Amino acid sequence: MGTKHTPSPWAYREGGVFEPFEVYPTHSRPPFYSDWAPVCLVQDYGDDEAEANARLIAAAPDLLDACAFALTILEGMGNGQGDAANACRAALSKAEPRP
């Protein structure tokens, strides 16, 4: 894939009560490096949904790699047109840059 994103792995940490969760690349752990910046902030409104969203976002690079790998395997097995392959293609197309 030609997608350019912050290198993985990513992790998340809680900012505090009603403060955003921070999703960050683990190659520059917060808050000790001057070049550190979060990938994103997930606003916490005091429920479990914000943490679940932060976990999902932190897993995104790994999920992207796994989906691309699964598609390669499916196509190699001759299953390149099945439901699983089509689901992988749909997910990967969301991550690809738009022309």
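Our structure's up above, just so we're on the same page.
Throughout what follows, the structure given in this document is the object of discussion.

Here is what the cut-offs are and how they apply
- Throughout this description, residue numbers start from 1 for each chain and increase along the sequence as written.
- The model is predicted, so local features are restricted to residues of pLDDT at least 70 and side-chain atom pairs to those at 80 or more, both for listing and for counting; the totals for chains, interfaces and linings are taken over all residues.
- Values shown for side chains rest on all heavy atoms present in the structure; no hydrogens or waters enter the calculation.
- Think of it this way: DSSP has to see at least two bridges between two strands before they count as a pair.
- Only DSSP runs of H or I covering at least 4 residues are called helices, and only runs of E covering at least 2 are called strands; the numbering of each starts at the N terminus.
- Fitted lines through C-alpha atoms serve as axes, helices being fitted only where they are in contact, and the angles separating the N-to-C directions of these axes extend from 0 to 180 degrees.
- What a helix is expected to span follows from its residue count: subtract one and scale by 1.5 Å.
- Using a 1.4 Å probe on the protein chains alone, a residue whose accessible area is under 20% of its type maximum counts as buried, one over 50% counts as exposed, and one in between counts as partly exposed.
- The arc in question is the one spanned by the directions pointing from the helix axis to the C-beta atoms.
- Patches were defined on residues exceeding 30% relative accessible area and lacking a salt bridge, with like-charge contacts within 9 Å and nonpolar side-chain contacts (Val, Leu, Ile, Met, Phe, Trp, Tyr) within 5 Å.
- Here, Shrake-Rupley sampling with a 1.4 Å probe gives the accessible areas, and only protein chains in the shown set may cover a residue.
- Throughout this description, the term salt bridge denotes a Lys or Arg side-chain nitrogen within 4 Å of a carboxyl oxygen of Asp or Glu.
- The aromatic pairing rule takes the rings of Phe, Tyr and Trp, using the six-membered ring of Trp, and pairs them if the centres are within 6.5 Å, calling planes under 30 degrees apart stacked, those over 60 edge-to-face and the rest tilted.
- Each helix crossing is assigned a hand: it is left-handed if the near helix lies turned anticlockwise from the far helix by less than a right angle, otherwise right-handed if that turn is clockwise.
- Two residues form a contact once any of their heavy atoms are found within 4.5 Å.
- In this count, Pro and Cys sit with the nonpolar residues alongside Ala, Val, Leu, Ile, Met, Phe, Trp and Tyr, while Asp, Glu, Lys and Arg are called charged and the others, Gly among them, polar.
- The bend at a residue is defined as the angle formed between two axes, one fitted to the seven residues ending at that residue and one fitted to the seven starting there.

This part is about the sheet that holds strand β2 (residues 21-25). Taken in spatial order, the three strands make up an open sheet running β1-β2-β3, and their pairing is antiparallel. This sheet does not close on itself; its edge strands, each paired only once, are β1 (10-13) and β3 (40-42). For this sheet the average axis-to-axis angle between neighbouring strands, irrespective of direction, equals 25°. As paired elements, β2 and β3 share three bridges and run antiparallel to each other. Bridge assignment links Glu22 to a residue of β3, and that residue is Leu41.

Moving on, we come to helix α2 (residues 83-95). In an α-helix there are 3.6 residues to a turn, and that puts residues three or four apart on one side. For α2, with 13 residues, the first-to-last C-alpha span of 19 Å sits near the 18 Å given by 1.5 Å per residue. For α2, every residue scored as buried is listed here: Ala85, Cys88 and Leu92. Buried residues of α2, seen end-on, are gathered within an arc of 60° and therefore sit on one face of the element. When the buried face of α2 is taken as reference, the exposed residues oriented beyond 90 degrees from it are Asp83 and Lys94.

A grouping of Phe69, Ile73 and Met77 is seen on the molecular surface, where their side chains present a nonpolar patch of about 340 Å² in accessible area. Here Phe69 lies in helix α1 (residues 48-76). Relative accessible area serves as the criterion here: at 56%, Phe69 is assigned to the exposed category.

Before going further, it helps to examine the packing of aromatic side chains. Taken as a whole, this structure holds one aromatic pair when the rule is applied. On the basis of an interplanar angle of 55° and a centroid distance of 6.0 Å, the ring pair of Tyr12 and Phe21 is categorised as tilted.

One can describe the packing of α1 onto α2 by two numbers: an axis separation of 9 Å at closest approach and a directional angle of 140°. Seen along the crossing, α1 lies across α2 with a hand that is left-handed. Together, Leu64, Cys67, Ala68, Ala70, Leu71, Leu74 and Glu75 of α1 and Ala84, Ala85, Cys88, Arg89, Ala91, Leu92 and Ala95 of α2 make up the contact between the two elements. Grouping the constituent residues of the contact of α1 with α2 by class yields 12 nonpolar, no polar and two charged.

What follows covers α1. Look at α1: 40 Å from first C-alpha to last across 29 residues, which is about the 42 Å you get at 1.5 Å a residue. Ala60 marks the point of greatest bend in α1, at about 50°, and the proline Pro61 comes within the next four residues. In this fold, the buried residues of α1 make contact with β1, β2, β3 and α2. One or two positions beyond α1, positive phi appears at Gly78, with a value near 85°.

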